Amino acid sequence: MAPAVQIEPLTKADVAAAVNLAVRVLGVKPGDRGKQFASDITDDLRQTFVAKANSKVVAYGRVIELAANEAGPGTPAGCYLSGVLVDPAWQLRGIATELTRARLRWAFTRTDTVFYVTGADNIGSLQLHAALGFQEVKRFRSERSAAGRDVLSQLARTAERC
Ligand SMILES: CC(C)(COP(=O)(O)OP(=O)(O)OC[C@H]1O[C@@H](n2cnc3c(N)ncnc32)[C@H](O)[C@@H]1OP(=O)(O)O)[C@@H](O)C(=O)NCCC(=O)NCCS
């Protein structure tokens, strides 16, 4: 990872910067993102980590416990990695990998298996997670990704690559 980048749990002071990052990079409206991030701080079933460079939020990633079918049709209940986003100026420096390792440490204190779902066309996300040991479970039709298909993958604690 790039030197001087720190991975930390999201705090209240980071919420506005995390919302701004999403708005700027994803081109979305803020909507209730501030509330969602704030609840990541207080809710025991979810956590967001941020990556900071010179005290500035340059990336974030969430981990959340979901019910069956919440991540997509036929998906199991469990702990899911979700919403990892790295500022384009900071991509390909290992930041998402470190955010994912932090989220896995959080998740594996609660469960033996961690899941994530991404679009079948999101090669960066698929490669990032595969490098950490995630294995594809199944694909399913989805309107959330441009490819029209999402991929469910899982990682068992015993299969994690450090
Ligand atoms: C996907 C994303 C989070 C990766 O962040 P990152 O910090 O650049 O990722 P890392 O530097 O940790 O990359 C780790 C590995 O993932 C793979 N990878 C990451 N981005 C990639 C890309 N654009 N194309 C192909 N492989 C990619 C590579 O194998 C890379 O390892 P390498 O650099 O040794 O080759 C980032 O591109 C992003 O924010 N994308 C937009 C949001 C998104 O798609 N999030 C995922 C939703 S599940």
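These notes cover the structure that comes with them.

**A look at the overall build of the chain**
- The helix and strand inventory of the chain stands at four helices and seven strands.
- Listed by position from the N terminus, the elements making up the chain come as β-α-α-β-β-β-α-β-α-β-β.
- Taking 162 residues into account, the globule formula puts the C-alpha radius of gyration at 15 Å, and the chain, at 15 Å, falls close to it.
- Dimensions of the chain, computed from the C-alpha atoms along their principal axes, are close to 40 × 35 × 30 Å.
- Put simply, of all contacts in the chain between residues at least 6 apart along the chain, 61% involve residues at least 24 apart.

**Some remarks on unusual backbone geometry**
- Positive phi, close to 50°, is recorded for asparagine 54, a residue that is not glycine.
- Of note, asparagine 54 is situated in the loop between strand S2 (46-53) and strand S3 (56-66).
- Judged by local crowding, asparagine 54 falls into the exposed class, with 8 C-beta atoms found within 10 Å.
- With phi around 70°, serine 55 is a residue other than glycine that occupies positive phi space.
- In this structure, serine 55 sits in the loop between S2 and S3.

**Let's talk about the site of the ligand**
- Residues in contact with the ligand amount to 18 residues; listed here are only the nearest, Gln91, Ala96, Thr97, Gly124 and Leu128.
- Going through the elements one at a time, strand S4 (78-86), helix H3 (95-107) and helix H4 (123-131) are the ones with two or more residues in the shell around the ligand.
- By residue number, the principal contributor to the shell around the ligand is H4, which donates six residues.

**Describing the pairing of strand S5 (residues 113-119)**
- Within S5, five of the seven residues are buried, which leaves the element mostly enclosed by the surrounding structure.
- In this region the chain leaves S4, passes through H3 and returns to the parallel neighbour S5; the handedness of that crossover is right-handed.
- Note: S5 against strand S7 (residues 149-156), seven bridges, orientation antiparallel. Note on S7: the bridge partner recorded for valine 114 is leucine 155.

Rules and cut-offs
Residues numbered from 1 in each chain as written. Predicted model: local features only at pLDDT ≥ 70, side-chain atom pairs only at ≥ 80, totals over all residues. Helix = DSSP H or I, 4+ residues; strand = E, 2+ residues; numbered from the N terminus. Rg over C-alpha atoms; globule rule 2.2 N^0.38 Å. Contact = placed C-beta atoms within 7 Å. Buried ≥ 20, exposed ≤ 12 C-beta atoms within 10 Å, placed from the backbone. Near = placed C-beta within 6 Å. Right-handed = clockwise from strand over helix to strand, strands pointing away. Pairing = 2+ DSSP bridges.

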